[in-house]
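Listed below, chain by chain, are the residues.
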Amino acid sequence: MSMSGGYTEKILVIDLEKQKINVEKTNLDDAKLFIGAKGLGAKYLIDHLPKGTDPLSPGNILIFTTGPLTGTHAQTSGRGTVVTKSPLTGLFVDSHFGGVFAAEMKKAGWDFIVVKNKAEKPVYIVIKDDNVEFKDASKLWGKECLETHNFLQKTEGKMKTAVIGPAGENLVKIACITFDGHRHAGRGGTGAVMGSKNLKAITVSGTKKIPLHNEKAFNEKAKEVLKQIQENSFIPIRRKYGTPYWVQVINSEGFIPTRNYTEGYFEYGEEINAETMQQRIVDSGGACYNCVIACWNKSSIKQGPFKGTSLIGPEYETIALMGSNLGLESIEDVAYVCDRCNELGMDTISMGGILGFTIEAYNKGIITKRDLDGIEIGWGKPVELSKLMEAIAYRKNKTTRLLGEGIKTASETLNAEDFAVHCKGMDLPGYDPRGVFGMGLAYATSDRGACHQRAWTVRAELNDPELDRFSFEKKAKIVKEVQDERAAFFSLVLCDFAPISEEHCVEMWNLATGFDHNVESYLKCGERIWNLIRVFNLREGLPPGSDKLPPRLFKEPFTKGPAKGILLNEKDFENSLQEYYTLRGWDEKGVPTIEKLKELNLENYSKMVR
Ligand code: SF4
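Not measured: the values here are computed from a predicted model. (Residues numbered from 1 in each chain as written. Predicted model: local features only at pLDDT ≥ 70, side-chain atom pairs only at ≥ 80, totals over all residues. Heavy atoms only, no water.)

S.K.: I would appreciate a short explanation of unusual backbone geometry in the present structure.
M.R.: The residue after Gly 313, namely Pro 314, is reached through a cis peptide bond having omega 0 degrees. With respect to the helices, strands and loops of the structure, Pro 314 is situated in the loop between strand S15 (310–312) and helix H11 (316–322). Omega for the bond connecting Leu 492 with Val 493 falls within 30 degrees of zero, at -5 degrees, which places this linkage in the cis form. Its location among the elements puts Val 493 in the loop between helix H19 (475–492) and helix H20 (502–513). We note that Lys 424 has phi near 55 degrees; this positive angle belongs to a residue other than glycine. Considering the arrangement of structural elements, one finds Lys 424 in the loop between strand S16 (422–423) and strand S17 (426–427). Taking relative accessible area as the criterion, Lys 424 reaches 12% and is therefore assigned buried. (Helix = DSSP H or I, 4+ residues; strand = E, 2+ residues; numbered from the N terminus. Buried < 20%, exposed > 50% of the residue type's maximum accessible area, 1.4 Å probe, protein only.)

Pasting the structure below:
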């Protein structure tokens, strides 16, 4: 099968042990079924990674993926996706990033960059179109993320970068990969996988034209989509405030994570919301590659002990998890802690979860000052919490090493699972399900552990008069349908914040590639991708009964705010989960049936789950 666009049809496979490269051909038959990025990356992973591979062993593979729209004139087409087996959850992970790196990778001629094995000593890789060089990274090892990016820009020229910080080097399981200095593939510990391979950074530059099947019609369609985005009434708000817009909304509705999810309303909410952020720290906006939405906040701290710190952000999730969840009472404190976490190279959501858990364990006497080498942590203490983050990033002692293993391992070891807030080992994002029940089902069934991006039901649950946000009723169908749609969308791959209809997605995909999909077959691709990842997770040992929620959500009601007194009910949750399994064509244990796998052209994988 031969097509004429959307894909470069080339995969760069880098063997770090042999310091050799190999070029594979992108499988276009697979591309038609799995689209690209998340979906095609999942297909590559399940076909190439032996079952049971230790995520931090040389045998794991780290895949940087693009999709058929990456680098084109489609709005928000600078997105890319890192796919690997997660050291945090032991399951599939796809972690998405903005910036320019992915578009540049495509212009260099690569659909995927696949990194295999482990270098003997720290290295970084320089990719200029077809030319790939391995370079000694011993001078870079130990440097923080922005410092590494700046060093590479100076020594290698204005290239796009993917780097890890000290946390990735030290195999901290919530380590991220940072792109172009400021954008992050945050979730699931992809940075630790990179560190386990002794790979400090990749730089890329490309000069090639991205092939398109019908370039003229594609660009016209992209213009039409641009116009629709510009006319969308929410875009000016998103551009002005970015994701922090949601701080005020979620806090006033009573489900922002507060002090390790003990409350859903934060009394200092106005000190950390978007208006305050604009007044006190935001200097200007900015955007990823080819994005008219331009939701970035370029910020700097202008007063107090952290004056002079500059960063892009913080985003909503960071403000929720590292702000209200840690009891930080000013936007400057949140920005400082966020910046330290970014520079050490860790996911701010998971770090907020782990710090919240650790403060509670400390207050209960389960973790002591001595365990933390004298750091006196508590709610609202940015300096001490930053010291603790550093101790985790550098794995300084037995306790901080344990915290660096992630919340599941830490809470099991400390016998403190009743206040560990995670699903499948991944910390919950910024929407407490006690205020929006649909997010509970979305977190429990997400393909990579607790994730808000797989099915964000918040807007619908708050605004749709047909939906009761304090009930599981009607949520299973919404969650299933949104998961499938997002799986397809994240395979094209575009930005979660771009309001682009399914029809437009399919039209652009067809014009880019020459494929002949319609909305139904496009959504079927999403369902296929979701099922393939479920098969991968089951193959890797996901036990029955894993689609569950943290106990706190069923036992401890909030004492204030609009969701005061509300609890999830175990029976209602289980009923909703079974309804979800039925809608998915899975059995009562959440295993895809043979019939469902056949319907999705996945019959070759049925032996992996039976
Ligand atoms: S909406 Fe924001 S995050 Fe998304 S591509 Fe545009 S600038 Fe980047």
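Still to come is the rest of the account.
S.K.: What should I look at first to understand the nonpolar core in this one?
M.R.: Generally speaking, a soluble globular protein has its nonpolar side chains buried in company with each other. Phe 64, Ile 127 and Met 346 are the most contacted members of the largest nonpolar core, which totals 184 residues. Sort the elements by how many residues they give to this core and helix H21 (residues 519–539) lands first, with nine residues. Leaving out residues up to four positions away in the same chain, Ile 127 has contacts with Leu 12, Ile 14, Trp 110, Ile 113, Val 132, Met 159, Ile 202, Thr 203, Val 204 and Ser 205. One finds Ala 137, Cys 145, Met 159 and Val 163 within the second-largest nonpolar core, a separate group that totals nine residues. (Core = buried A, V, L, I, M, F, W, Y, C linked by side-chain atoms within 4.5 Å. Contact = heavy atoms within 4.5 Å.)

S.K.: Where do I start with the side chain of Arg 434 in this structure?
M.R.: Relative to the helices and strands, Arg 434 is located in the loop between S17 and helix H17 (437–445). Within the structure, Arg 434 has its side chain in polar contact with the backbone oxygen of Glu 556 (distance 2.5 Å). Not counting chain neighbours up to four residues away, the residues in contact with Arg 434 comprise Tyr 261, Phe 470, Arg 552, Leu 553, Glu 556, Phe 558, Ala 563, Ile 566 and Leu 568. (Polar contact = N/O pair within 3.5 Å; in protein donor to acceptor, adjacent residues only side chain to side chain.)

S.K.: Is there a simple way to think about the domain arrangement of the protein chain in this case?
M.R.: By the assigned domains, the protein chain splits into domain 1 (10–205), domain 2 (237–427) and domain 3 (438–498 + 518–608). Placing a centre on the C-alpha atoms of domain 2 and another on those of domain 3 gives a separation of 26 Å. With 32 residues of domain 2 at the interface, the matching set in domain 3 holds 31 residues. A combined buried area of about 2400 Å² lies between domain 2 and domain 3, and 62% of that area is made up of carbon and sulfur atoms. Contact with domain 3 buries area across many residues of domain 2, yet Glu 263, Cys 423 and Lys 424 alone supply 26% of it, more than any other trio. For the pair domain 2 and domain 3, the number of links is four salt bridges. Among the ionic pairs, Arg 552 bridges to Glu 360, the shortest N-O distance being 2.6 Å. Between the two partners, domain 2 and domain 3, sit nine residue pairs in polar contact (both at pLDDT 80 or more). (Domains from an automatic or database assignment. Buried area = accessible area lost by both parts, 1.4 Å probe. Salt bridge = Lys/Arg side-chain N within 4 Å of Asp/Glu carboxyl O.)

S.K.: Can you help me understand the site of the ligand in this one?
M.R.: Contacts to the ligand come from Thr 76, Arg 79, Arg 183, Ala 287, Cys 288, Cys 291, Ile 293, Cys 295, Trp 296, Cys 495 and Phe 497. Here the residues of the shell around the ligand sort into eight nonpolar, one polar and two charged. Counting the residues that make up the shell around the ligand, at least three belong to each of domain 1 (10–205) and domain 2 (237–427). (Near = heavy atom within 4 Å. Nonpolar A, V, L, I, M, F, W, Y, C, P; charged D, E, K, R; others polar.)

S.K.: Explain the packing of aromatic side chains to me, please; I cannot follow it from the model alone.
M.R.: We describe a pair of aromatic rings using the distance from one ring centre to the other and the angle between the two ring planes. Counted under the stated rule, the structure contains 28 aromatic pairs. Ring centres of Phe 472 and Phe 573 lie 5.8 Å apart, and the angle between their planes is 55 degrees; on these two criteria the pair is classed as tilted. In this pair, Phe 472 is assigned in the loop between helix H18 (458–463) and H19 and Phe 573 in helix H23 (residues 570–584), connecting sequence segments 101 residues apart. Here Phe 472 and Phe 573 have matching classes, each one buried. Each member of the aromatic cluster is reached from another via a ring pair, and the members are Phe 234, Tyr 241, Tyr 245, Trp 246, Tyr 316, Tyr 431 and Trp 456. (Phe/Tyr/Trp six-rings, centres within 6.5 Å; stacked < 30°, edge-to-face > 60°.)

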